Amino acid sequence: MNIINILQQSGGIGTMAKELGVSESVAEAGTAALLPAILGGFKKTTQAQPGGLDGLGGLLVQLGGGGLLDSVLGTEPTPVAKGNDVLGQIFGSKEVSRTVAAGAEQQTGISSDLLKKMLPMVAMMVAGYMAKQAGDSAGNGGGLGGLIGGLLGGGKASAGGLGSLLDLNGDGNPLDDIIGMAGKLAR
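These figures come from a predicted structure and were not determined experimentally.

**Student:** Please clarify how the pattern of salt bridges should be interpreted in this entry.
**Tutor:** For side chains bearing opposite charge, pairing can occur when the charged atoms are close. The final tally for this structure, using the stated rule, is two salt bridges. The shortest N-O distance in the salt bridge between D70 and K132 comes to 3.0 Å. With D70 in helix α5 (residues 67-73) and K132 in helix α8 (residues 112-136), the pair connects residues that are 62 residues apart, well separated along the chain. The partly exposed category is assigned to D70, whose relative accessible area is 38%. The exposure class assigned to K132 is partly exposed, which follows from its relative accessible area of 32%. Put simply, E95 and R98 hold a salt bridge, and the shortest N to O gap is 3.2 Å. Here the residue E95 and the residue R98 both occupy positions in helix α7 (residues 94-108), the gap between them amounting to three residues, near one helical turn. With relative accessibility at 35%, the residue E95 sits in the partly exposed group. On the basis of relative accessibility, which here comes to 39%, the residue R98 falls in the partly exposed class.

Thresholds, definitions, all that
- Residues numbered from 1 in each chain as written.
- Predicted model: local features only at pLDDT ≥ 70, side-chain atom pairs only at ≥ 80, totals over all residues.
- Heavy atoms only, no water.
- Salt bridge = Lys/Arg side-chain N within 4 Å of Asp/Glu carboxyl O.
- Helix = DSSP H or I, 4+ residues; strand = E, 2+ residues; numbered from the N terminus.
- Buried < 20%, exposed > 50% of the residue type's maximum accessible area, 1.4 Å probe, protein only.

Structure, rendered in structure tokens:
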């Protein structure tokens, strides 16, 4: 099952759509456009962690663990500061987040202002889901590694066309290409 289906079934996309005052189809299209960069960011973060996947698991707990997903699904407004913390960890700068939103706007026609509001919420849903799955599967050997591999399609961005569009150099990680685009836009 792909991550979009998981986020729909959890109610995350519907909750986000209501909170932002948009249709579920707009929320789904925005999520699909943002996911390759978010998943790529998690992959890059995993590779940079001293403990690899264990380090990422610890980082997810530090950021709020499964409670991140619960925060989006709750009845209260989503505390997007937590999502911005997640984005800071996986992207490193607000400039990368802006570039991700601008790229998603070009693909979807959804305004980058709306996509910037969606980005921390989608990051919270993904991080919260990964933390819950890591907790559920701790000790069975698969754990976070199997989850990230599955979400990323064995190293390739699993959002299909969007992931491969963002992954300009075909290395399986669209984030480095997005960061490169950010550098070009800043000049």
